[in-house]
Amino acid sequence: MDFSILTNYFDLYLRGFWGTLLSSVLALIGSFVIGTVIAVFRITTIKALRWFGTGYVEFIRNIPLLLVVCIFYYGPSAIGFTLDGFKAGTIGLAVYTSAFIAEAIRAGIMAVPKGQMEASRSSGLSYVQAMVHIILPQAIKLVIPPLGNQFINLIKNSSVLTLVAGFDLMYFADSISTETYRTFDTYIFVAVFYLVLTVPLSYGVRVWERRLQSKY
Amino acid sequence: MDFAGAFSPANLVFLMDGLYITLIVAFVSIILSFIIGVVVGVIRYAEVPVLSPVMFFLVELIRNLPLLLIIFFVRFALPEIGIKLGLITAAIAALTVFEAAMIAEIVRGGLAAVDKGQIEAARSSGLSSFQTLWHIVLPQGLRHMVPPLVSQFISLLKDTSLATIVALPELMHNAKIVMGQKESYTIPILLMVALMYFVVNYLLSLVSRRLEHKTV
């Protein structure tokens, strides 16, 4: 094990680490917003919205993440404007993950007892008000563990940015290994950087899940 | 957008070649990772001294790393320590290792969900602990596992696209080559590839829904 690779190229590793983290956090925020909207679409009484929500989730969940990223990377340049690898990759990640988050949020909303909606509607709240003030705050507690899992997936999945030159950890690792000619050692350190992010998160999710289980 | 040019017979055949590799690699990896995943999952469930903690460590390690990193590592880093695998073998090995860790967790969770009373009853009626596992716990646990297993298989099929990083000639890889011919091919090819993945994965999810109805 050659630790001089880690010390000599630490700034490159760190740049990649921030790229991965930034892309994952932005994609998490984006996918949470899109996912919430789609989840609400899927349970409204308006047929067209429900149909759209279902179509969106089914389509995205059945195609690979890399394809979604390629759509945002190659697609725009074919019609005249370009997105760089980081932007295209992050948008692709957000869109892909939003389908899974939508399903998690929908399951959370369904788990809130029906009486809650009926009670808030009878006390004069509109559907949207009831959703925002009554249902979603209760659903969110149940949704946190699956959201945490999706965030872990996001961090791991953000590695596809390297395939569109997205300045993430894997991307910088490639330039390090072409300089050092030591692929094995270089990528062991890459793995450590990923684990630094994912292991504490996995642990946190597990603790939260256990707490939920002991409550019910 | 040049649909006629993009969908020329030669291009379509080339894409089908890619789909063929995708399906073969996915099929072999599904079989292997299922076998390994069940064995590891049962070991984790059975709490064998030494072996179970080691498996726990390995499963957690692999689950917290990006698959893209594992594929790249198996193909390009392992040769440095003397493990040389061919292109397709490396892709299958990496996919199998990663998905087996995922499946092991599904299996362990499914087994843990079986009612404790079932085990106590089986043991008191004279079955050995192995017989209890084989005849009582596994058949009931499998029922809980079918939906998450199938979605894991769908993930695996989508994840084969990541093997494009080691230039495995699968669907995404071939699609990129065709898109490289002409800019006007980009959108038609992206649509066609999305359709191909969607059809295969949607069929898989339909099978899963069938199985769910049958087993529950």
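Residues numbered from 1 in each chain as written. Chains lettered and ligands numbered in written order. Predicted model: local features only at pLDDT ≥ 70, side-chain atom pairs only at ≥ 80, totals over all residues.

(A) Molecular detail of the overall build of chain A. When its secondary structure is counted, chain A shows nine helices and zero strands. Traced from its N-terminal end to its C-terminal end, chain A shows the element sequence α-α-α-α-α-α-α-α-α. Taking the principal axes of the C-alpha coordinates as reference, chain A spans close to 70 × 50 × 25 Å. Classification of the 216 residues of chain A by burial places 43% in the buried group. (Helix = DSSP H or I, 4+ residues; strand = E, 2+ residues; numbered from the N terminus. Buried ≥ 20, exposed ≤ 12 C-beta atoms within 10 Å, placed from the backbone.)

(B) The arrangement of the overall build of chain B in detail. Scanning chain B for helices and strands turns up nine helices and zero strands. Going residue by residue from the N terminus, the α and β elements of chain B occur as α-α-α-α-α-α-α-α-α. Principal-axis analysis of the C-alpha atoms places the extent of chain B at approximately 70 × 45 × 20 Å. Split into buried and exposed, the 216 residues of chain B put 40% on the buried side. A separation threshold of at least 6 residues defines the contact pool for chain B, and within that pool the share at least 24 residues apart is 77%. (Contact = placed C-beta atoms within 7 Å.)

(C) Region of interest: the packing of helix H6 (residues 116–124) of chain B against helix H7 (residues 129–159) of chain B. Residue and element names in this part refer to chain B. Where H6 meets H7, the axes come as close as 10 Å, and the angle between the chain directions of the two elements is 160°. With respect to their mutual orientation, H6 and H7 come out roughly antiparallel. The two elements H6 and H7 cross, and the hand of that crossing is right-handed. Of the residues in H7, those touching H6 at Gln-118, Ile-119, Ala-122 and Arg-123 are Thr-132, Ile-136, Val-137 and Gln-140. Of the residues in the contact of H6 with H7, the class split is four nonpolar, three polar and one charged. (Axes fitted to C-alpha atoms, helices over the stretch in contact; angles between N-to-C directions. Parallel < 35°, antiparallel > 145°, perpendicular 65-115°, else oblique. Left-handed = near helix turned anticlockwise from the far one by under 90°. Nonpolar A, V, L, I, M, F, W, Y, C, P; charged D, E, K, R; others polar.)

(D) Structural view of the packing of helix H2 (residues 10–43) of chain A against helix H3 (residues 47–61) of chain A. All names here are of chain A. Axis separation between H2 and H3 bottoms out at 7 Å; the angle between their running directions is 125°. As the angle between them shows, H2 and H3 are arranged oblique. Considering how the two elements wind past one another, H2 and H3 form a crossing that is left-handed. Residues Ile-38, Phe-41 and Arg-42 of H2 lie in contact with H3, whose contacting residues are Leu-49, Arg-50, Phe-52, Gly-53, Thr-54, Tyr-56 and Val-57. For the contact of H2 with H3, the residue count by class is six nonpolar, two polar and two charged.

(E) Looking closely at the environment of Phe-100 of chain A. All names here are of chain A. Tracing the backbone shows Phe-100 in helix H5 (residues 85–111). Along the backbone, Phe-100 and Ser-31 are 69 residues apart, and their C-alpha atoms lie at a distance of 8.9 Å. Here Phe-100 is in contact with Arg-61 and Gln-150, once residues within four sequence places are set aside.

(F) Geometry of the interface of chain A and chain B. Contact residues are listed per partner, giving 26 residues for chain A and 29 residues for chain B. The set of elements that each furnish at least two residues to the side of chain A that touches chain B consists of helix H4 (65–78) and helix H9 (183–215) of chain A. The biggest single contributor to the side of chain A that touches chain B is H9 of chain A, with 10 residues.

(G) Quick look at the nonpolar core. Within the largest apolar cluster, 117 residues are counted, with the highest numbers of intra-cluster contacts made by Leu-67, Val-68 and Val-69 of chain A together with Ile-71 of chain B. The dominant element in this core, judged by the number of residues it contributes, is helix H5 (residues 87–112) of chain B, at 15 residues. (Core = buried A, V, L, I, M, F, W, Y, C linked by C-beta atoms within 7 Å.)

(H) Inspection of the environment of Trp-18 of chain A at higher detail. All names here are of chain A. Tracing the sequence through the fold places Trp-18 in helix H2. Classification of Trp-18 by C-beta neighbours within 10 Å gives partly exposed; the count is 13. The spatial distance from the C-alpha of Trp-18 to the C-alpha of Asp-168 is 7.5 Å, given a sequence separation of 150 residues.

(I) Focus on the confidence of the model for chain B. Confidence in the prediction for chain B averages 91 pLDDT; 99% of positions are at 70 or higher. For this predicted complex, the interface confidence reaches an ipTM of 0.89, while the overall pTM sits at 0.90. (pLDDT = per-residue confidence, 0-100.)

(J) Summary view of unusual backbone geometry. All names here are of chain B. If you check the backbone angles, Glu-47 has positive phi at about 50° while not being a glycine. Tracing the sequence through the fold places Glu-47 in the loop between helix H2 (9–46) and helix H3 (51–63). The phi dihedral of Ala-167 falls on the positive side, at around 65°, and the residue is not glycine. With respect to the element layout, Ala-167 can be found in the loop between H7 and helix H8 (171–181).

(K) Just the environment of Lys-141 of chain A, in detail. Relative to the assigned elements, Lys-141 of chain A resides in helix H7 (residues 127–157). Classification of Lys-141 of chain A as partly exposed rests on a count of 14 C-beta atoms within 10 Å.

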